[in-house]
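In case you want the letters, here they are:
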Amino acid sequence: MNYMTSNEIREKYLKFFESKGHKIIPSASLVPSDPSILLTIAGMVPFMPIFLGQVKSSLTRATTCQKCVRIIDIENVGKTARHHTFFEMLGNFSFGDYFKEDAIKWAWEFFTKVIGFSEEKLWVSVYKDDDESFDIWHNLIGLPEKRIVRLGEEDNFWKIGPTGPCGPCSEIYIDLGEERASKEGGGVGVDGERYLELWNLVFMQYNREEDGTLTPLPKKNIDTGLGFERIASVLQKADTDFETDLFLPIIKFIAQNAGIKYKEDKKKDLALKVIADHIRSLVFMISDGIVPSNEGRGYVLRMLLRRAFRYGKVINYNQPFLYEVAPVVINLMKEVYPETYKEENRIFQTILTEEKKFQETLNIGIQILDSMKEELKQENKNKLSGKDAFKLYDTFGFPLELTRDILEEDGFGIEEDDFKNEMKIQRERSRESWVKNKASAKDDKINQKLYQDILEERGETEFIGYDFVEAKSKVIAITKDDKLVDKVTAGDKCKIYLEKTPFYAEKGGQIGDKGVIASTSKNNLLVEILNTQAPIEGLIAHFAEISKGEIKVGEEVLARVDLLRRKAIARNHTATHLLHRVLRDVLGEHVKQSGSAVNNHHLRFDFNHFAPLTNDELEKIENLVNEKILDELEVETKISTFDKAKEMGAIALFGEKYDEQVRVVKIGEFSLELCGGTHLNSTSNIGLFKILNEEGIGSGLRRIEAVTGDRALKYIKEKENIIKEVSDKLQTIPSEIPLKINQIIDDANNMKKKIKIIRNKLAHYEVDKLLSKKKEIKGVNIISLKVEAEDNNDLRNWGDLIKDKIKSGIVVLGTELDNGKVALLAMVTDDLAQKGYSAGNIIKAIAPIVGGKGGGKKTMAQAGGSKADKLNQALEKVYEII
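Each value, and the rule that gives it
Residues numbered from 1 in each chain as written. Predicted model: local features only at pLDDT ≥ 70, side-chain atom pairs only at ≥ 80, totals over all residues. Heavy atoms only, no water. Helix = DSSP H or I, 4+ residues; strand = E, 2+ residues; numbered from the N terminus. Rg over C-alpha atoms; globule rule 2.2 N^0.38 Å. Buried < 20%, exposed > 50% of the residue type's maximum accessible area, 1.4 Å probe, protein only. Contact = heavy atoms within 4.5 Å. Areas by Shrake-Rupley, 256 points an atom, 1.4 Å probe, with all protein chains shown as cover. Lys, Arg positive; Asp, Glu negative; His and termini not counted. Charge placed at Lys NZ, Arg CZ, Asp CG, Glu CD. Core = buried A, V, L, I, M, F, W, Y, C linked by side-chain atoms within 4.5 Å. Pairing = 2+ DSSP bridges. Axes fitted to C-alpha atoms, helices over the stretch in contact; angles between N-to-C directions. Salt bridge = Lys/Arg side-chain N within 4 Å of Asp/Glu carboxyl O. Parallel < 35°, antiparallel > 145°, perpendicular 65-115°, else oblique. Left-handed = near helix turned anticlockwise from the far one by under 90°. Nonpolar A, V, L, I, M, F, W, Y, C, P; charged D, E, K, R; others polar. Expected span 1.5 Å × (residues − 1). Bend = angle between axes of the 7 residues up to and from the residue. Arc of directions from axis to C-beta. Phe/Tyr/Trp six-rings, centres within 6.5 Å; stacked < 30°, edge-to-face > 60°. Lys NZ or Arg CZ within 6 Å of the ring centre and 35° of its normal. Polar contact = N/O pair within 3.5 Å; in protein donor to acceptor, adjacent residues only side chain to side chain. Patch = residues over 30% accessible without salt bridge, like charges linked within 9 Å, V, L, I, M, F, W, Y side chains within 5 Å.

Trainee: Mind showing me how you'd approach the overall build of the protein chain here?
Mentor: Across its full length, the protein chain holds 25 helices and 35 strands. For 882 residues, the compact-globule estimate of 2.2 N^0.38 gives 29 Å, and the protein chain exceeds it by more than 25% at 37 Å. Its C-alpha atoms give the protein chain principal-axis dimensions of roughly 115 × 95 × 60 Å. When each of the 882 residues of the protein chain is scored for burial, the buried share is 49%. Contacts in the protein chain between residues at least 24 apart in sequence constitute 67% of all its contacts with a sequence separation of at least 6. Carbon and sulfur atoms make up 48% of the accessible area of the protein chain, which totals about 43500 Å². One way to put it: in the protein chain the 130 positive side-chain charges average out to a point 5 Å from where the 140 negative ones average out.

Trainee: Is there a simple way to explain the nonpolar core in this structure?
Mentor: Side chains of nonpolar character tend, in soluble globular proteins, to be buried together. Residues Phe111, Phe117, Trp137, Trp199, Ile279 and Leu322 are the most contacted members of the largest nonpolar core, which totals 116 residues. It is helix H8 (residues 266–287) that contributes the most residues to this core, twelve residues altogether. Formed by 28 residues, the second largest nonpolar core is a distinct cluster that contains Leu579, Val582, Val591 and Phe689.

Trainee: Can you walk me through unusual backbone geometry in this structure?
Mentor: It is generally the case that most residues other than glycine have a negative phi and that most peptide bonds are trans. Positive phi, normally seen in glycine, also occurs at Asp481, with a value near 50°. Within the fold, Asp481 resides in the loop between strand S13 (470–480) and strand S14 (483–485). Phi angles above zero are rare outside glycine, and Glu632 is one such case at about 55°. Considering the arrangement of structural elements, one finds Glu632 in the loop between helix H18 (615–630) and strand S25 (635–641).

Trainee: Any chance you could explain the sheet that holds strand S26 (residues 661–667) here in plain terms?
Mentor: Across a sheet, paired strands are connected by hydrogen bonds in the backbone, their directions being either parallel or antiparallel. Across the sheet, three strands lie side by side as S25-S26-S27; this open sheet has antiparallel pairing. Each edge of the sheet is formed by a strand with only one pairing partner; in this case those strands are S25 and strand S27 (671–674). Looking at each pair of strands side by side, their axes are set apart by 25° on average, direction ignored. Relative to S27, S26 runs antiparallel, the two sharing four bridges. Among the inter-strand pairings, Val665 is bridged to a residue of S27, identified as Glu673.

Trainee: How do you make sense of the pattern of salt bridges when you look at a structure like this?
Mentor: Pairs can form between side chains of opposite charge whenever their charged atoms are close. The full count for this structure, using the stated rule, is 49 salt bridges. Here Asp288 makes a salt bridge to Lys67, at a shortest N to O gap of 3.3 Å. Of the two residues, Asp288 sits in the loop between H8 and helix H9 (296–314) while Lys67 sits in strand S2 (residues 61–69), which places them 221 residues apart along the sequence. Per residue, the accessibility class of Asp288 equals that of Lys67, and both read buried. Arg302 is paired through a salt bridge with Glu354; the nearest N and O atoms lie 2.5 Å apart. Of this pair, Arg302 sits in helix H9 while Glu354 sits in helix H12 (residues 344–378); the two residues are 52 residues apart in sequence, bridging distant segments of the chain.

Trainee: So what exactly am I meant to see when it comes to the sheet that holds strand S23 (residues 593–598) here?
Mentor: In space, the four strands of this open sheet follow the order S23-S24-S29-S28, with antiparallel pairing throughout. Two strands bound the open sheet, and with one partner strand each, they are S23 and strand S28 (689–698). For this sheet, the mean inter-axis angle between neighbouring strands, taken without regard to orientation, is 15°. Pairing analysis gives eight bridges linking S28 to strand S29 (residues 701–708), with the strands arranged antiparallel. Residue pairing across strands places Gly698 opposite Leu701, the latter belonging to S29. Packing against the sheet, helix H17 (residues 563–587) makes contact with S23, strand S24 (603–608), S28 and S29, and its axis sits at approximately 25° to S24. Running over the sheet, helix H20 (residues 709–730) touches S28 and S29 and is turned about 95° from S29.

Trainee: How should the packing of H8 against H9 be read in this particular structure?
Mentor: Think of two packed helices as two axes; the pair is described by the angle between the axes and how far apart they sit. Interhelical geometry of H8 versus H9 gives an angle of 150° and a closest axis separation of 9 Å. By the criterion of interaxial angle, the relationship of H8 to H9 is roughly antiparallel. The way H8 lies across H9 gives a crossing that is left-handed. Of the residues in H9, those touching H8 at Lys267, Lys268, Leu270, Ala271, Val274, Ile275, His278, Ser281, Leu282, Met285 and Ile286 are Arg297, Val300, Leu301, Leu304, Leu305, Arg307, Ala308, Tyr311, Gly312 and Val314. Counted by class, the contact of H8 with H9 contains 14 nonpolar, three polar and four charged residues.

Trainee: In this structure, what is going on with helix H3 (residues 100–115)? I would like to understand it.
Mentor: Each full turn of the α-helix corresponds to 3.6 residues, which orients residues three or four apart in the same direction. Helix length check: H3 (16 residues) gives 21 Å between terminal C-alpha atoms against 22 Å at 1.5 Å per residue, within 8%. Approximately 25° is the largest bend angle found in H3, and it occurs at Glu109. Here H3 has its buried residues at Lys100, Ala103, Ile104, Trp106, Ala107, Trp108, Phe110, Phe111, Thr112 and Ile115. Gly116 sits one or two positions beyond H3 and adopts a positive phi of about 90°.

Trainee: For this particular structure, what's the right way to read helix H25 (residues 871–881)?
Mentor: Regarding H25, the residues found buried are Leu871, Ala874, Leu875, Val878 and Tyr879. The arc that holds every buried residue of H25, seen down its axis, measures 160°, which confines them to one face. Buried residues belonging to H25 abut strand S30 (775–777), strand S31 (780–786), strand S32 (810–816), strand S33 (822–828) and helix H24 (839–846).

Trainee: What should I look at first to understand the packing of aromatic side chains in this one?
Mentor: How two aromatic rings sit relative to each other is given by the distance of their centres and the angle of their planes. Scanning the model with the defined rule gives 31 aromatic pairs in all. Pairing Phe47 with Phe95 gives two aromatic rings, centres 5.4 Å apart and planes at 50°, and the pair type is tilted. With Phe47 in the loop between strand S1 (23–24) and helix H2 (48–51) and Phe95 in strand S3 (residues 86–95), this residue pair connects regions lying 48 residues apart in the sequence. As far as burial versus exposure is concerned, Phe47 and Phe95 are alike and both buried. Plain terms: the ring middles of Tyr317 and Phe321 are 4.1 Å apart, the flat faces sit at 5° to each other, and that makes the pair stacked. Comparing Tyr317 with Phe321 shows no difference in burial state: the two are buried. Taken together, the ring pairs in this structure connect Tyr13, Phe16, Phe17, Phe110, Phe111, Phe117 and Trp199 into an aromatic cluster. One residue, Arg150, lies across the ring of Phe134, its end atom 4.5 Å from the ring centre.

Trainee: Explain the side chain of His590 here, please?
Mentor: Tracing the backbone through its elements, the reader meets His590 in the loop between H17 and S23. Owing to a relative accessible area of 0%, His590 belongs among the buried residues under this scheme. Polar side-chain contacts of His590 include one of 2.8 Å to the side chain of His609. For His590, the contacting residues outside a window of four places in its chain are Gly289, Ile290, Val291, Arg346, Asn608, His609 and Phe610.

Trainee: Got a minute to help me understand a nonpolar patch on the surface in this structure?
Mentor: Taken together, the side chains of Ile758, Leu762 and Tyr765 define a hydrophobic patch exposed on the protein surface, amounting to about 350 Å² of accessible area. Checked against the element boundaries, Ile758 lands in helix H21 (residues 737–771).

Trainee: Would you explain the pairing of strand S22 (residues 556–561) in this entry?
Mentor: Consecutive side chains of a regular strand alternate in pointing toward one face of the sheet and then the other. Both S13 and S22 contribute to a ladder of five bridges, which runs antiparallel. Following the sheet pairing, Glu470 is matched in S22 by Arg560. With five bridges connecting them, strand S18 (residues 515–519) and S22 associate as antiparallel partners. Across the sheet, Ser519 pairs through a bridge with Val557, a residue of S22.

Right, dumping it as structure tokens:
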């Protein structure tokens, strides 16, 4: 068994299985294609649709080295030899092709022939009832019976859930020797220190039914996972994974910068391991487009970063430092994962920005937590309340995991159920606020039964608005004041439900249509549709006001959408898709839509990004969108299955629920998104795109507001009018406005300088007047007077002038500032300061009189106050003090 680098191990594994007919598949993203899955946690996650039969694939054999992130045992990272948040999983997969015999045979061949493990060192476990696997290991491979261990369902039976695909598995262990045995001892499956599990071979051969019975699958699959860090530690003869070439260069870099040495202090070693582990996760998560936030993947990223930053304090890091460690990880991994190098700048910026944010609150939070620990000691308690833990989370951004870590160091725990309850209360409170503020029929819970009754008794509303903006239809129901009625007349406000409608109901950020309903048989009916909503799935409500005539249930009507308004909405919606794609091209593939609002006036697009956009970035984004408008790209829509749409590369939103059938909106070869909204036929119909504003709306969230078409032209015209007005007043042409403004600023600054010179000259004359008012007490010259000064600096200039002229004495000056407050200044010449007189003591004595406080040195002190009417009293007090 020879030493191998991690890169050599990866290459040997993939090349070996390629020689066995497997296709080498590059690692999938840590962000799964299935929006319902948070993170890629195993090598088989990218292949789940194939395993579950959700997609048809020509792929029968595949091999990968898959990057994964898992935080289930985060508290053990650094404390054990093998726990990690980021890790790589080597895997070979069969989709209805080979099965147990080949999987076992090739695993054995790779370990003994390619890697060079001694056969005597290898042990295996099989499921207790899996005689087939036992026989293959014993009779085909030749492994002695004593080195084949039968284990129960908990250890050696894989399942996706209570029901669904499942099957036995066989695990391969290596005996690291008696010297590595744990204190507790035990054999395979018990002593993980001596018998290290390396490779798990899963034989997916059954489907577990609702009643628990196992039915053989028509196609049997193979899913294997070989722990990359584990095999690296064995081949590199490392005591733990942290001494391999995957971690050690990172640890050494951190230790060197911190001025410490690895393996000299257990507490500091733990910090080094945790930071080395977490920085790997940070680099790969950010390179795959994840940005810090308070939810989902973004929360995991933020929690890992803050946990690593806090451990930095253990090894004397009190300033942002993780961004400096990231290049070490990138240099180690860039050959295998080039996306880390490609996203290098964004990785640095994201980490540094987040470190700076957390640095601001960490120290305060730790002080508060320390006081909470003191209270626990005094009250003889061993657990922090969930309410206090939630306060740290909500106010100071302390993830629960971080609070838990800090408390555990002193033997305390957390009432975690109470914390979860506090989180639940907050979510409920936010939800209630949202419900109150959202003017949507969908949130009108009181009427849910009414809507359901209409749907069940009168049928669904067919939406035909993608193809028509005007259509004949039949009234199937009318509600007024939340009650079903047979008819309504002029002046009534109601909701009308049609058999079919061209009116688009508000959904997916697009506002509902407006328009009119008229009769097909009489001229005296006119119904104005003010809004369109979908209170429940399948039912469309037209919010109506009867302008004239009456309308009855069962009547045939003509429904007509406001076409100009619909086109304006479509312009903004299609422009939103262009904007989304351009943002990803300019800022990076990490950009994901987190919200949008599209109406006939403007569009609003919310997205995740780590920093405000620069003027250059905004200009580039606006120009690129307009380029695509001028390219006259065709806008096509088609219905597809969700899985097929994902295969095509359509963008799906994380957390959105999609039906089996989805609508795909394709703009040329430029944009592909799942979307149910109304769109144009060509980008050229947008006309013009203009960004109005870009701002932050939360941590890691940005918002762009823009206008299109005639609204964009109107906006530009308004700006032109302003420019013309300014140029007229400045008596210059528009192109020279900046030059003219700079001249005005320069003139103003020069004027200020001249005024200052004149004031200083006048001050010398004023000083002589003030000196004439000096008093002498016990041989000490004293001036305590009110003067006119613009600010504290001006007041100090007065003091310096008087002090220079008085030679020996005490100067106390006061002034009323423009904001109604008071400023005080005391100065004592050096000779008197040596005799014991102190400007600081004088200020401390008189500042309270004007409702303030202050202090300073013996020779100079300042104070501020709010009681201007007491200023003269304070200045008179000086003589008494002296």
